[in-house]
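# Fold and geometry: a report
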Amino acid sequence: MPLPPSAPPLSHLLPRLDGAVADDDATLARFARDWGGLVHTRPSAVVRPAHTADVAAVLAFAADAGIAVAPRGTGHSAFGQSQAEAGIVLDLGGLRRVHPGQGTALVADGGATWRRVTDSALARGLTPEVLPDSLDLSVGGTLSVGGLGGASHRHGAQTDLVTELEVVTGAGEVVRCSAHENAALFDAVRAGLGQCGVITRATLALGRARGRVRRRKLYYRDLEAFLADQRTVVADERFDHVEGRALPDDSAASGGWSFRLDATTTFTLPTEANEDHEAAVRDGLSFDPETAEVAECGYGEFCDRMAPGAAAQRESGDWYRPHPWLTVLLPDDAVAEVVEHTLADLPGLGASGLVLLYPLRAERITTPLLRLPRGDREGTVWLFAVLDVADPHDPVALARRLEHHAEWYGRATAAGGTLYPSGALPHGTVDWTAHFGDAWERFEAARHRFDPAGVLAPGQRIFTAASRSRE
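Residues numbered from 1 in each chain as written. Predicted model: local features only at pLDDT ≥ 70, side-chain atom pairs only at ≥ 80, totals over all residues. Heavy atoms only, no water.

## A word on the environment of Glu 337
Mapped onto the fold, Glu 337 is located in helix H12 (residues 335-345). A relative accessible area of 53% means that Glu 337 is categorised as exposed. Linking Glu 337 and Ala 412, residues 75 residues apart in sequence, is a C-alpha distance of 9.8 Å. (Helix = DSSP H or I, 4+ residues; strand = E, 2+ residues; numbered from the N terminus. Buried < 20%, exposed > 50% of the residue type's maximum accessible area, 1.4 Å probe, protein only.)

This is the structure:
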């Protein structure tokens, strides 16, 4: 809750910290928006902690005073999830170190980017098994929502690959947790949307890195053929990394869209990527062979494959425009119908916009709070994301896009789908009790236990009038 007008500035009330505290207009304005550029809520102070003790001191103070606190890694949230109106934003960029780990493990601060993690791991001949498309996201940020990527069909979510966490609870208590120690907090923080604690350090399991990558871009005119081939290659585990895209195409038969399967294998020896191997991995697939593209590059370059696109967006200005993004997870038996209707309703796609569509193996995703379609933990589920760029000078179109998001989300949930909760939806759209399903009561109990004052992550809007009894 905000301080009364007669109170001293919040920055004067905070406990003594080793990190920096700012409340100047320029800083507050910068932290009043995020990557999405759709929500603007101005905090009263921004704290850049120097270490975990600073985080604990801020949260203990905030809990006592009833002041909202939003942890923020790189600010890549889409709809104000890393903002705190009249509250405190914890800029975790001050906690960005990567530490030595034992064996094939690595320890990273919550504010460290996956770029730092990947660079450190590759120096040891290792790699995170699942990486986000952008390496400039923070470790704590992706672990708070789940962390899915093109290797999730093999290895699950990033939250399935973390073995231990250091967490500061909403009460300001520093706790180490894992599957074997303080397991209730471990399960409440992984994909817990920042509602039970701030991740200040994570121990990550790594795999062996192979030096080279062969990338294939395989094109389809027909949605059903595209989906069928993705099912095949994921079930067979033919590729190490699988993603798919829907591409605007006025000449395509599928409602003005064609489709692309991005299928990647890693290798060390040239003999692992010979003609016989290539024929085997393509066997039985129905893509258009005349349009297929194949290229090779180093593994590190592949991990950072989004960097050129990000640079182009900065140059064009799209990087700084609103990003109305929405991601859902769909059941296999409904994916074609939901995707067809959504693409038909999509009012254009900007030059920097993307539509992602690729399969995951449900049994590989074990994080309790990362909710899968219909609660399934077996078979194929689909990640479907519309990632667009909007005109900041057309608020009517932006408002209509959010209405579309609510409609698309409603269509997905009616078909048994779930939200991947990092996108932009009008507040109040999500029925969180239905979203979390049989995990809701445990999650609600954990939030009362670990954030008794209810100060954490106000921008996530988990609490609604119907579900937040402590308001």
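## A short note on the pairing of strand E9 (residues 174-178)
With five bridges joining them, strand E8 (residues 162-169) and E9 adopt antiparallel strand pairing. Within E9, the position partnered with Val 167 by the bridge is Val 175. (Pairing = 2+ DSSP bridges.)

## With respect to the side chain of Thr 342
Position of Thr 342 relative to the elements: it lies in helix H12. When its relative accessible area of 2% is taken as the criterion, Thr 342 is described as buried. Non-local contacts of Thr 342, meaning those with residues more than four positions away in its chain, are made with Phe 384, Trp 408 and Arg 411. (Contact = heavy atoms within 4.5 Å.)

## A closer look at the pattern of salt bridges
Enumeration according to the criterion identifies 28 salt bridges in this entry. Of the charged contacts, one joins Asp 240 and Arg 154 as a salt bridge, the two residues approaching to 3.8 Å between their closest N and O atoms. Taken together, the residues Asp 240 in the loop between helix H8 (223-236) and strand E12 (241-248) and Arg 154 in helix H6 (residues 152-155) connect sequence positions 86 residues apart. Asp 236 is the salt-bridge partner of Arg 238, the closest N and O atoms lying 3.1 Å from each other. You can call Asp 236 partly exposed: its relative accessible area is 45%. Within this structure, Arg 154, Glu 237, Asp 240, Arg 361, Glu 363 and Arg 364 form a network of salt bridges that share partners. (Salt bridge = Lys/Arg side-chain N within 4 Å of Asp/Glu carboxyl O.)

## Some points on the sheet that holds strand E4 (residues 88-91)
Spatially, the four strands line up as an open sheet ordered E1-E2-E4-E3, and their pairing is mixed. Edge strands, defined here as strands with exactly one partner in the open sheet, are strand E1 (20-22) and strand E3 (69-72). Taken over all neighbouring pairs, the strand axes of this sheet differ in orientation by 20° on average, direction set aside. Sheet topology note: the strand E2 (residues 45-48)/E4 ladder contains three bridges and is parallel. Pairing of Val 47 across the sheet is with Leu 90, part of E4. Contacts between helix H3 (residues 52-65) and the sheet are confined to E2, E3 and E4, with E4 contributing the most and set at about 165° to the helix. (Axes fitted to C-alpha atoms, helices over the stretch in contact; angles between N-to-C directions.)

## Let's talk about the environment of Val 381
In this structure, Val 381 sits in strand E17 (residues 380-387). Taking the C-alpha atoms as reference points, Val 381 and Val 335, separated by 46 residues in sequence, lie 8.5 Å from one another. Dropping the residues within four chain positions of it, Val 381 is found in contact with Leu 330, Tyr 358, Pro 359, Leu 360, Ala 362 and Pro 373.

## Side note on a negative patch on the surface
Together, Asp 222, Glu 224, Glu 337 and Glu 340 give the surface a local cluster of negative charge. Along the polypeptide, Glu 224 turns up in helix H8. With a relative accessible area of 43%, Glu 224 lands in the partly exposed category. (Patch = residues over 30% accessible without salt bridge, like charges linked within 9 Å, V, L, I, M, F, W, Y side chains within 5 Å. Areas by Shrake-Rupley, 256 points an atom, 1.4 Å probe, with all protein chains shown as cover. Lys, Arg positive; Asp, Glu negative; His and termini not counted. Charge placed at Lys NZ, Arg CZ, Asp CG, Glu CD.)

## Digging into unusual backbone geometry
Negative phi characterises most residues that are not glycine, and trans characterises most peptide bonds. The residue Ala 191 is not glycine, and still its phi comes out positive at about 60°. Structurally, Ala 191 is set in the loop between helix H7 (183-189) and strand E10 (197-208). Taking the relative accessible area as the measure of exposure, Ala 191 reaches 2% and is therefore buried. A positive phi angle, close to 60°, is found at Leu 193, a residue other than glycine. For Leu 193, a relative accessible area of 2% puts it in the buried group.

## Some details on empty space enclosed by the protein
Under the counting rule described, the total for this entry stands at four cavities of 30 Å³ or more. Counted as a void, the largest cavity has a volume near 200 Å³. Along the walls of the largest cavity sit 18 residues, with Leu 425, His 427, Val 430, Trp 432 and Gln 460 positioned nearest its centre. Its residues assigned to classes, the lining of the largest cavity comprises eight nonpolar, nine polar and one charged. (1 Å grid on protein atoms, 1.4 Å probe; cavity = no way out; pocket = protein on both sides within 12 Å on 5 of 7 lines; lining within 4 Å. Points joined across faces, edges and corners; volume = space filled by probe spheres on them. Nonpolar A, V, L, I, M, F, W, Y, C, P; charged D, E, K, R; others polar.)

## Regarding the packing of aromatic side chains
Scanning the entire structure with this criterion turns up eight aromatic pairs. When the centroid spacing of 5.6 Å and the interplanar angle of 70° are considered together, the rings of Trp 35 and Trp 325 count as edge-to-face. Remark: Trp 325 occurs in strand E15 (residues 325-331) and Trp 35 occurs in the loop between helix H2 (25-30) and E2; sequence separation between them is 290 residues. Aromatic side chains Phe 226 and Phe 259 sit 5.3 Å apart centroid to centroid with 20° between the ring planes, which places their arrangement in the stacked category. Taken as a pair, Phe 226 in helix H8 and Phe 259 in strand E13 (residues 257-267) lie far apart in primary sequence, 33 residues in all. Taking the relative accessible area as the measure of exposure, Phe 259 reaches 1% and is therefore buried. Taken together, the ring pairs in this structure connect Trp 432, Phe 436, Trp 440 and Phe 443 into an aromatic cluster. (Phe/Tyr/Trp six-rings, centres within 6.5 Å; stacked < 30°, edge-to-face > 60°.)

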